[in-house]
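Summary of structural features
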Amino acid sequence: MTEHVEWSEPEVAATPVNPAVTPADAADAARLVAFGLQPKLQPARDQEYAELLRRYREDPPFARLADAVATGLGLVVLEVSPRAGMAVTAAEDSVFAVRMGDYARRTTADSGDRFLHGLAHLAVAAMAFPRPEDLADDGYIGRVSVNGVDAFVRQACRRLEERAEEQGENTDPATDAPGLEAAWRIWARRSAAGATKDARRLAGSTTGIVGKAVVFLTDSGFLQRTGDDSGGTYRTTARYQLQVRDMAGSAALAELLELGIVPVTDGTASLLPPEDTDDLELVADAGLPFHS
């Protein structure tokens, strides 16, 4: 008698299958990055933007796709949140990078002024977040004014002059010298305001240079204008706080803060400088939020 043996297929463990990325997913990810490139756009005022931010936070595969799109465009994602939206900054090789030389050339033909424009941006950053805890606190809002930034840089210039005299260094370097101290000497010799015949602020004056910086930062979604006092008053945005955090290790900003000139009662410097801060110089084109 023949026995019949029943054969059965071996059980195969189920393997999770990641859903394929669809063209619609790619389009949504690119759309989110496009929203991030509109710095003045607030998620609370755009339903589609808010929905894509929610999807980014709740859908990890979509978040990775959006990050990949940003990376492909030469962008660095600083934060994705309801307060900041999709905050991105341009990498040095990105087509979206803004360079200090290009920025300065739109305002002046004097190559020496490139350093002054860089100093204006550095000073705005230092005054906006005068203590480490301010920069770390997501709820902190910094406030600056055009005249206040100019006064801050002039005080820094006086401190540099004192330091140079103590060390027996040349206190009047050449105007076109690239060092940080030389750049601040140029600032000190420049008129603070000046005026045209119709009483407008001269673009080449130091307050004119600061005014150009804060207008640029406002147009970029980093500052918001709050009034006309002191040459113009401004408040920081979440995006600017993230931008300054990202640039906190720059040598030029470290030297500025090392001077200890900050408008707070305890005299604490804002962004902590690196441990080794000897012989720092302001390199050509240095400045926030630019690439050299």
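1. Some words on the packing of aromatic side chains
- This model, assessed by the stated rule, comprises four aromatic pairs.
- Between Phe129 and Tyr240, the aromatic rings sit 6.0 Å apart at their centres with planes inclined by 40°, giving tilted as the arrangement. Linking Phe129 in the loop between α5 (113-128) and α6 (132-136) with Tyr240 in helix α10 (residues 238-246), this pair joins segments that are 111 residues apart in sequence.
- By relative accessible area, Phe129 is classed as buried at 0%.
- When the centroid spacing of 5.8 Å and the interplanar angle of 45° are considered together, the rings of Phe222 and Tyr240 count as tilted. Here the residue Phe222 occupies a position in the loop between α9 (206-219) and β4 (223-227), and Tyr240 occupies one in helix α10, the gap between them amounting to 18 residues. One exposure class covers both Phe222 and Tyr240, and it is buried.
- Among the aromatic residues, those joined into a cluster by ring pairs are Phe129, Tyr140, Phe222 and Tyr240.
- The ring of Phe62 is capped by Arg55, whose NZ or CZ atom sits 4.1 Å from the centre of that ring.

2. Topic: unusual backbone geometry
- The residue Ser230 is not glycine, and still its phi comes out positive at about 55°.
- Of note, Ser230 is situated in the loop between β4 and β5 (233-236).

3. Describing the side chain of Thr89
- Topologically, Thr89 is positioned in strand β2 (residues 85-90).
- Of note is the side chain of Thr89, whose polar atom sits 3.3 Å from the side chain of Gln243.
- In this structure, Thr89 is in contact with Gly74, Leu75, Val76, Leu78, Gln243 and Asp246, ignoring residues within four places of it in sequence.

4. So, the sheet that holds β5
- Pairing is antiparallel in the open sheet, where three strands are placed in the order β3-β5-β4. Because the sheet does not close on itself, it has two edges, and the strands there are β3 (143-145) and β4. For this sheet, the mean inter-axis angle between neighbouring strands, taken without regard to orientation, is 35°.
- Of the strands in this sheet, β3, β4 and β5 touch α5, which is tilted by about 140° from β3.

5. With respect to the environment of Ala97
- Mapping Ala97 onto the fold places it in the loop between β2 and α4 (100-105).
- When the C-alpha atoms of Ala97 and Leu75 are compared, they prove to be 8.9 Å apart, with 22 residues separating the residues in sequence.

6. Overview of α9
- Here α9 spans 20 Å end to end across 14 residues, near enough to the 20 Å set by a 1.5 Å rise per residue.
- Within α9 the residues assigned to the buried category are Thr206, Thr207, Gly208, Ile209, Val210, Gly211, Ala213, Val214, Phe216, Leu217 and Thr218.
- Looking one or two residues beyond α9, the residue adopting positive phi is Gly221, at roughly 80°.

7. Regarding the pattern of salt bridges
- With the rule as written, the count across this model stands at twelve salt bridges.
- Across the pair Arg55 and Asp59 runs a salt bridge whose closest N-O atoms are separated by 3.6 Å.
- Judged by relative accessible area, which is 19%, Arg55 ranks as buried.
- Each of the salt bridges in this network shares a partner with another, and the network as a whole consists of Asp25, Asp28, Arg55 and Asp59.

About the cut-offs
- Residues numbered from 1 in each chain as written.
- Predicted model: local features only at pLDDT ≥ 70, side-chain atom pairs only at ≥ 80, totals over all residues.
- Heavy atoms only, no water.
- Phe/Tyr/Trp six-rings, centres within 6.5 Å; stacked < 30°, edge-to-face > 60°.
- Helix = DSSP H or I, 4+ residues; strand = E, 2+ residues; numbered from the N terminus.
- Buried < 20%, exposed > 50% of the residue type's maximum accessible area, 1.4 Å probe, protein only.
- Lys NZ or Arg CZ within 6 Å of the ring centre and 35° of its normal.
- Polar contact = N/O pair within 3.5 Å; in protein donor to acceptor, adjacent residues only side chain to side chain.
- Contact = heavy atoms within 4.5 Å.
- Pairing = 2+ DSSP bridges.
- Axes fitted to C-alpha atoms, helices over the stretch in contact; angles between N-to-C directions.
- Expected span 1.5 Å × (residues − 1).
- Salt bridge = Lys/Arg side-chain N within 4 Å of Asp/Glu carboxyl O.

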